[in-house]
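# Residue-level structure breakdown
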Amino acid sequence: MSWSREQEELFRRVYDEVFPIIVRVTARITSSWEAAEEVCHEALIRYYHRLDQIPDQAQAKYWLIRVSKNLALNYIKRKKRERKAYERVLREPQREQVSGETLSIREESLKEVKDALEQIPEKYRTVLVMKEYGGMSYKEIGDILGLSEGNVKVRAFRGREKLLELLKDGGFDGN
Amino acid sequence: MEIKPELISSLVDGEVPSPWNEKLLARVLADPKARSIYESYMKARSIMAADDEQLSARIADRKEAFYGSLVKSIESSELSRGRPASAGISRLWSGVLRIPVPAAIAATFVIFFGVIGLVGDPTAQQPATMAAQSQPPALVQTGSAVSNPAVQTLYSTQLEGLQITADQEALLRRLLSADESRQRQTGPGIDVTVNLADVDQLLQLLQGASQIREITIDIPASAAAFEIFGEPALSRAGGSE
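Before going into details, it helps to say that this report is about the structure given with it. (Residues numbered from 1 in each chain as written. Chains lettered and ligands numbered in written order. Predicted model: local features only at pLDDT ≥ 70, side-chain atom pairs only at ≥ 80, totals over all residues. Heavy atoms only, no water.)

### Side note on the overall build of chain B
Our working rule: Numbered from the N terminus, helices here are DSSP runs of H or I no shorter than four residues, and strands are runs of E no shorter than two. Pairs of residues are marked as contacts when any of their non-hydrogen atoms sit within 4.5 Å. Here, Shrake-Rupley sampling with a 1.4 Å probe gives the accessible areas, and only protein chains in the shown set may cover a residue.
When you go through chain B residue by residue, the secondary structure sums to nine helices and three strands. Taken from N to C terminus, the helices and strands of chain B fall in the order α-α-α-β-α-α-α-α-α-α-β-β. A sequence separation of at least 24 residues applies to 65% of the contacts in chain B between residues at least 6 apart. About 14000 Å² of surface is accessible on chain B, with carbon and sulfur atoms providing 58% of the total.

Below, the structure written as structure tokens:
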């Protein structure tokens, strides 16, 4: 490999720190592990090509989270377009309904959360996912998304409210 | 005074600093309405956390294997970048667009039949092609052009200025040959950069090169307005979109 030992070590350190975060966030955004891996792969390859430009580990972390988040959002937009095109042609129903009997109560709850997350507006979902699955603070999320802490706080709150609203519609008992 | 749900949300997120968080939590738990909101937020959070447990296990399982595949990709991209054929040839475009194999194959077929339709009866060219193959020296790398008579009709102008070694020239000749059986005998491809004037010429090149596995198009930074037409699933943006 043509990179220096320092670069290789930096890449590995960044990978160890960031991969669990970006794969969590992108898996939640795309609702697919396979898609999340593809997105993370693309983001990390891009990072490799910019190792010279991003020598700092903290910067690399923010950069990778931002890029992988954008790639994941692009992925779901593309999927939506494809689904619409298929629906137009094949007139298939929007989503296959899974019988409640095939799922345990816990699995059902998880599926409800997943479905509800998919329906939350993108700007709220991204913040909520970064908070819940990325374990980031409001400040970190704000730095990555270019938002103020106050804005992140409002989006996290609205995202959570929206999530609860959707879960209650699906029979979720919040208490 | 009523506690705003927004504040409760911040409390749940651990964003209320100490010692205010303890005081606020005590107030929230003492107020039935605020407590109900707090508990619903915590419940939603615990369900999300439960979901995350499954994901954590998967991440732990896949982390090393994923890193291995990542390093492999980097190594292979480095190898292809380091090939000598690419060096020293000026590039028309500076962005990167990767065309996946299915798209390249589809484009090859479309252009192949399109060119057949335009040129006329393809069998009319066969004697010329065969004649060219029976006389390998007919394809001479002159430093500025490739002069295989069978290929010349399609490729003579766009290959002007291409500087390649004798080995690469031989492989390129096979790539551009109309003889399918010979194309399949060739080994791993070389990395050739061709200074093409337009997309039509690229498609013409594709038409004669079924062995091309991946095409990288460099787009100049000045070409700000670049739009991809066709099936988006078949195209993937590269580093500089």
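### A few points about the packing of aromatic side chains
Residue and element names in this part refer to chain A. As a reminder, the rule being used: Aromatic rings from Phe, Tyr and Trp, taking only the six-membered ring of Trp, are treated as a pair when their centres fall within 6.5 Å; an angle between ring planes under 30 degrees marks them as stacked, one over 60 as edge-to-face, and anything in between as tilted. Exposed residues in this analysis have more than 50% of their type's maximum accessible area, buried residues have under 20%, and partly exposed residues fall in between, with area computed by a 1.4 Å probe over protein chains only.
By the definition in use, this model includes 10 aromatic pairs over all chains. Seen from their ring centres, phenylalanine 11 and tyrosine 48 are 6.3 Å apart, and the 90° between their planes marks the pair as edge-to-face. Of this pair, phenylalanine 11 sits in helix α1 (residues 5–30) while tyrosine 48 sits in helix α2 (residues 33–49), and the two are 37 residues apart along the sequence. Each member of the pair, phenylalanine 11 as well as tyrosine 48, carries the same accessibility label: buried. Taken together, a centroid distance of 6.4 Å and an interplanar angle of 45° make the contact between tyrosine 47 and tryptophan 63 tilted. Separated by 16 residues along the polypeptide, tyrosine 47 in helix α2 and tryptophan 63 in helix α3 (residues 57–90) bring together distant segments of the chain.

### Quick notes on helix α5 (residues 122–132) of chain A
The buried fraction of α5 of chain A amounts to nine of the 11 residues, a majority that puts the element mostly inside the structure. Three or more residues of α5 of chain A are buried, namely Tyr124, Arg125, Thr126, Val127, Leu128, Val129, Met130, Lys131 and Glu132 of chain A.

### Details of the side chain of arginine 24 of chain A
Turning to its location among the elements, arginine 24 of chain A is positioned in helix α1. Arginine 24 of chain A sits in the buried class, given a relative accessible area of 14%. In this structure arginine 24 of chain A touches Tyr133 of chain A together with Asp52, Leu55, Ser56 and Ile59 of chain B, once residues within four positions along its chain are discounted.

### With respect to the pattern of salt bridges
The following threshold applies: Take a side-chain nitrogen of Lys or Arg and a carboxyl oxygen of Asp or Glu: if they are within 4 Å of each other, that pair is a salt bridge.
Following the criterion strictly, the structure yields 17 salt bridges over all chains and no others. In this structure, arginine 160 of chain A engages glutamate 132 of chain A in a salt bridge whose closest nitrogen and oxygen atoms are separated by 2.7 Å. Of the two residues, arginine 160 of chain A sits in helix α7 (residues 149–169) while glutamate 132 of chain A sits in helix α5, which places them 28 residues apart along the sequence. Overall, arginine 160 of chain A belongs to the buried group, its relative accessible area being 2%. The partner of glutamate 132 of chain A in a salt bridge is arginine 45 of chain B, and the shortest N-O contact between them spans 2.9 Å. Of this pair, glutamate 132 of chain A sits in helix α5 while arginine 45 of chain B is found in helix α3 (residues 32–81), placing the two residues in two different chains. The class for glutamate 132 of chain A is buried, based on a relative accessible area of 15%. A single salt-bridge network, built from bridges that share partners, covers Arg12 and Asp16 of chain A together with Lys63 and Glu64 of chain B.

Read these as geometric descriptors, not functional statements.
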